[in-house]
Amino acid sequence: MLSEVADGVWVRQSQWVWSNSIVVRGRGGLTLVDPGIAGAELEELAEEVDRLGLPAVAGFSTHCHWDHLLWHSRFGDVPRYATAANAQTAAGVRERAQAMAAESASGVPLELIGLLTPLPRDGGPVPGTIIEHEAHAIGHAAVLLADRGVLLAGDMLSDVLIPMLDPRRPDQVAAYATALDRLGEAAEHVDVVVPGHGAVAEGPEVAARLAADRAYIDALRRGADPVDTRLEQDWLAGPHQSNLEQARTTSS
Ligand SMILES: [Zn+2]
């Protein structure tokens, strides 16, 4: 069920890894951010979007992992935007993303996976400010809705998943620390954070999420095994390598 977490910002949580589909009201209509996951859930989401009484005018994908590249024909044939880096990468990983979606969830419209367009410079119909960084995935974007006091964090600042480094690229610990600094600046303007997976953070929980991710990354920087009770995402594409191994390989 969609629940309104701030003026014109709705969230629906999937049964699959607490994934959040987000709907944002903008000037021309609604933007759907990372809708997911199973086909039946996407259909339910389409029905709920219809009930909001405004047209869906765009999609937005925060990053190029399969669970953030989904769409359903009932949302309409509208542009699905992303950072230029995400759009390009998604095109290259489409087949793999389709295979992973087929393996992980039922009824996902596979032919619609990963069809992204670079977001125009002025943001087009997508409201807010894009914060692009290099943590977790190439061209990963958060969306700051400063007028609503909301930050859509993509796959960061989760209460259920630990920070996950991109195993295919170097210097991810530094990239993650930089990204957290930028999200921290953005979070000064908000009191609601919507992560890609997990519970919506409100009020003091926002700072707590940042602190938890920072503590984790600081431990990796020291070469220590972080103490963290959150889960690890092990469904990412590519050979699995733990964050600690990854940090050691890239910092040496
Ligand atoms: Zn994800």
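A short tour of the structure in this document, coming up. Since the structure is predicted, the reported quantities are computational estimates derived from the model, not experimental observations.

### Structural notes on the coordination of the zinc ion
As a benchmark, a tetrahedral metal site with four donors has ideal angles of 109.5 degrees, while an octahedral site with six donors has ideal angles of 90 or 180 degrees.
Argument step 1. The protein atoms that coordinate the zinc ion are Asp-67 (OD), His-68 (NE2), Asp-155 (OD) and His-197 (NE2), at distances spanning 1.9 to 2.4 Å.
Argument step 2. Its four donor atoms give the zinc ion angles of 88 to 162° at the centre, a pattern that matches the irregular case.
Argument step 3. Taken in sequence order, the residues that donate to the zinc ion follow the motif D-H-x86-D-x41-H.

### Some details on the nonpolar core
Argument step 1. Formed by 28 residues in total, the largest nonpolar core has its most connected members in Leu-151, Met-156, Leu-157, Val-193, Ile-217 and Leu-220.
Argument step 2. Mapped onto this core, the elements with two or more residues apiece are β9 (140-145), α3 (172-187), α4 (204-221) and α5 (243-251).
Argument step 3. With eight residues, α3 is the single largest residue contributor to this core.
Argument step 4. Once residues within four sequence positions are removed from consideration, Ile-217 is found in contact with Pro-163, Leu-165, Val-173, Tyr-176, Ala-177 and Leu-180.
Argument step 5. Residues Cys-64, Ala-87, Leu-116 and Ala-137 belong to the second largest nonpolar core, which totals 21 residues.

### Overview of unusual backbone geometry
Argument step 1. Residues Gly-36 and Ile-37 are joined by a peptide bond in cis, for which omega reads 0°.
Argument step 2. Its place among the elements puts Ile-37 in the loop between β4 (30-33) and α1 (39-52).
Argument step 3. The phi dihedral of His-136 falls on the positive side, at around 75°, and the residue is not glycine.
Argument step 4. Checked against the element boundaries, His-136 lands in the loop between β8 (129-133) and β9.
Argument step 5. By relative accessible area, His-136 is classed as buried at 0%.
Argument step 6. Positive phi values are uncommon outside glycine, yet Leu-157 reaches one of about 60°.

### Overview of the side chain of Asn-86
Argument step 1. As for its placement among the helices and strands, Asn-86 is situated in helix α2 (residues 84-104).
Argument step 2. When its relative accessible area of 0% is taken as the criterion, Asn-86 is described as buried.
Argument step 3. There is a polar contact of 3.1 Å between the side chain of Asn-86 and the backbone oxygen of Ser-61.
Argument step 4. Those residues in contact with Asn-86 that sit more than four places away from it in its chain are Ser-61, Thr-62, His-63, Cys-64, Leu-69, Leu-116, Ile-138 and Gly-139.

### Description of the pattern of salt bridges
Argument step 1. Taken as a whole and judged by the stated rule, the model has 15 salt bridges.
Argument step 2. Put simply, Arg-12 and Glu-41 hold a salt bridge, and the shortest N to O gap is 3.9 Å. Linking Arg-12 in strand β2 (residues 9-13) with Glu-41 in helix α1, this pair joins segments that are 29 residues apart in sequence.
Argument step 3. Judged by relative accessible area, Arg-12 falls into the buried class, the value being 5%.
Argument step 4. When the shortest N-O distance is used, the salt bridge between Asp-228 and Arg-230 registers 2.9 Å.
Argument step 5. On the basis of relative accessibility, which here comes to 25%, the residue Asp-228 falls in the partly exposed class.
Argument step 6. Of the residues examined, Arg-230 reaches a relative accessible area of 12% and is grouped as buried.

What counts and what doesn't
- Residues numbered from 1 in each chain as written.
- Predicted model: local features only at pLDDT ≥ 70, side-chain atom pairs only at ≥ 80, totals over all residues.
- Heavy atoms only, no water.
- Donors = N, O, S within 2.8 Å, 3.2 Å for Na, K, Ca; no water.
- Tetrahedral: all angles 85-135°; square planar, octahedral: opposite > 155°, others 65-115°.
- Core = buried A, V, L, I, M, F, W, Y, C linked by side-chain atoms within 4.5 Å.
- Buried < 20%, exposed > 50% of the residue type's maximum accessible area, 1.4 Å probe, protein only.
- Helix = DSSP H or I, 4+ residues; strand = E, 2+ residues; numbered from the N terminus.
- Contact = heavy atoms within 4.5 Å.
- Polar contact = N/O pair within 3.5 Å; in protein donor to acceptor, adjacent residues only side chain to side chain.
- Salt bridge = Lys/Arg side-chain N within 4 Å of Asp/Glu carboxyl O.

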